[in-house]
Amino acid sequence: MTDRKNWPLYSAEPSSSCSRRRFLATTGSLAAAALWAPRAEGALRRDFAFLDYPFTLGVASGDPTPDGVVLWTRLAPQPLFDGGMPRLPLEVSWQVAEDEGFKKVVRSGTTTATPEWAHSVHVEVDGLAPGRWYFYQFESCGEVSPTGRTRTLPAADAVAPALRFAFASCQHFEQGYFTAYEHMLKEDLDLVVHLGDYIYESGGRDGKSRKHVGGELSSLRDYRNRYAQYRGDPDLQAMHAAAPWIVTWDDHEVANNYAGTYSERDDVDPADFLKQRARAYKAYYEHMPLRRSSLPHGPDMPLYRRIAYGQLADFYVLDTRQYRTDQPCGDNFKHPCPESYDPEATILGESQRKWLTGGLSASTARWNVLAQQVLMARADFEAGPEELIYMDQWPGYEFERRQILKFLGEGRVANPVVLTGDNHANWANDLLTNFDNLEPKTVAVELVGTSISSGGDGSNVPKESETVLAENPYVKFYNAERGYVRCMVTPREWRADYQVVEYVTRKGAPLLTRASFVIEDGKLGLVKA
Ligand code: FE
Ligand code: CA
């Protein structure tokens, strides 16, 4: 990886001109002519020279397939000041090699970074071999990006012997350091799944570990600068460069607890809120390694998708924000209200629900994974007979929650595993059909991952632990330290390790495994390992 010790200061080296190319090693297979041949786009500049290093946000890859992957970067010599780029399109070349020294380049090409998309670059590489590691790099006007490493998925019909991945969520920049990613980097993972709250929208506040630049996010510029600030974090940046990511969002990528067209307190006109949503979605797309199929159109951005890890696991990556109806019982903690049983209330929206159940019905995968945002278990947070529910999560939309669990209970879906973020706590839950006079049974398991940093230093036994465990006997583990969940998946078993750090308001916390659970193929339910 390119050593950039002077982050976040900018390079004071003399800038290099576009006529110099500095890829690590170039071979005949790199189409050099294509770089400099005149093109129809008259405005494209090649005599441009960067005053400062443009790859300050690093590189990333994502949404792998058996023969390809998305490569991402963004030209941003002044990352916190709208990128610091001229309003000009610039050519960016890229290359993919089998080796870190770029001796065996297998794919290469050029693309254009445009000011309309904040000079972000999304390259959809194809023609790669399944199930193997690759290295990649970008170059623009003589400046060369750090090297990234990525991996293709196994062939569609292959039963891969193993998958090692981690899932993460909720990385409030002000509330702590991303020490968890420093440890994740050493886990040798095939991929990373991010379940949302990648950024937070609040304005900068004093007295925290770090400080957001700027006020509460509203303009496109605000959102872009916030992503740039987060992506400047060296641990986050290094983890993006180390493995492909599969990302989805939760609420804070736009605004707290929003639902479809409704802002948190319904105090913004839905038409205005949709304009803000469009700006937020655009900045999200610009900063994530997503495919063109996820390109936003105004306030609409198709993000839910299926990613098949050969025949071992299907990942249904869900979007529980964009298509929601407003929280039927209102927000936050409440005693249940009848409206949560309204069949019209939805967290997925009808199209996504049909796509999900249709896909699951036809699945031939050993493990069927719902990679999504909010708690699916009906967690009761109040001691005694009264039920206290967090209404922004699935139980606020109880009709649809039961619909999905009943569907899973029909037994057509092999080994359903729900991955959840949002909570800033670790949970290990059996998901039960304990309603509607149904025979209570476990129909799926839910692994809830804690935050990377949101909530600050956490606790192994937070004050709500006793109530959560006593009121909800299907909850096998509850903990509110920071970290991520590492999963080691084989055809025979799924092992989940809750990896935690004991503090994040200071750097340097060591990593420990706080709990481990195993799910055996064909046996629904979590077993403590
Ligand atoms: Fe969060
Ligand atoms: Ca209760």
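Note that the structure is a prediction, hence the values are computed from the model and not measured. (Residues numbered from 1 in each chain as written. Chains lettered and ligands numbered in written order. Predicted model: local features only at pLDDT ≥ 70, side-chain atom pairs only at ≥ 80, totals over all residues. Heavy atoms only, no water.)

Asker: Would you explain the overall build of the protein chain in this entry?
Answerer: Along the backbone of the protein chain there are eight helices and 24 strands. Expected size for 529 residues packed as a compact globule is a radius of gyration near 24 Å; at 23 Å, the protein chain falls within 12% of this value. Dimensions of the protein chain, computed from the C-alpha atoms along their principal axes, are close to 75 × 50 × 45 Å. Relative to its full complement of 529 residues, the protein chain shows a buried share of 58%. When the accessible surface of the protein chain is summed, it comes to about 19,700 Å², and 52% of that surface belongs to carbon and sulfur atoms. Between the averaged position of the 58 positive side-chain charges in the protein chain and that of its 71 negative side-chain charges there is a distance of 6 Å. (Helix = DSSP H or I, 4+ residues; strand = E, 2+ residues; numbered from the N terminus. Rg over C-alpha atoms; globule rule 2.2 N^0.38 Å. Buried < 20%, exposed > 50% of the residue type's maximum accessible area, 1.4 Å probe, protein only. Areas by Shrake-Rupley, 256 points an atom, 1.4 Å probe, with all protein chains shown as cover. Lys, Arg positive; Asp, Glu negative; His and termini not counted. Charge placed at Lys NZ, Arg CZ, Asp CG, Glu CD.)

Asker: Just checking my understanding: could you explain the layout of surface pockets for this structure?
Answerer: Taken as a whole, the largest pocket holds about 500 Å³ of empty space. Taken together, 24 residues make up the lining of the largest pocket; nearest its centre are Phe333, Tyr390, Asp422, Asn423 and His424. Looking at the lining of the largest pocket residue by residue, the classes come out as eight nonpolar, ten polar and six charged. (1 Å grid on protein atoms, 1.4 Å probe; cavity = no way out; pocket = protein on both sides within 12 Å on 5 of 7 lines; lining within 4 Å. Points joined across faces, edges and corners; volume = space filled by probe spheres on them. Nonpolar A, V, L, I, M, F, W, Y, C, P; charged D, E, K, R; others polar.)

Asker: Would you take a moment to explain the nonpolar core for this structure?
Answerer: Nonpolar side chains in soluble globular proteins tend to end up buried together. Grouped together as the largest cluster of nonpolar side chains are 40 residues, with contacts concentrated most on Tyr181, Met184, Met239 and Tyr284. Taken together, the elements giving at least two residues each to this core come down to β9 (163–168), α2 (179–184), α3 (220–231), α4 (234–242), β11 (245–247) and α5 (270–287). The biggest single contributor to this core is α5, with six residues. (Core = buried A, V, L, I, M, F, W, Y, C linked by side-chain atoms within 4.5 Å.)

Asker: I would appreciate a short explanation of the coordination of the calcium ion (ligand 2) in the present structure.
Answerer: For a metal with four tetrahedral donors the ideal donor-metal-donor angle is 109.5 degrees, whereas six octahedral donors ideally subtend 90 or 180 degrees. Distances from the calcium ion (ligand 2) to its protein donors, Asp380 (OD), Asp380 (OD), Glu382 (O), Gly384 (O), Glu386 (O) and Glu471 (OE), fall within 2.2 to 3.1 Å. For the calcium ion (ligand 2), the six donor atoms in the first shell make angles of 45 to 174° at the metal, a pattern classed as irregular. Here the donor residues of the calcium ion (ligand 2) share one chain and are spaced in sequence as D-x1-E-x1-G-x1-E-x84-E. Of this pair, Gly384 sits in the loop between β15 (367–371) and β16 (389–390) while Glu471 is found in helix α8 (residues 465–471), placing the two residues 87 residues apart along the sequence. Take Glu471: its relative accessible area is 23%, and that puts it in the partly exposed class. (Donors = N, O, S within 2.8 Å, 3.2 Å for Na, K, Ca; no water. Tetrahedral: all angles 85-135°; square planar, octahedral: opposite > 155°, others 65-115°.)

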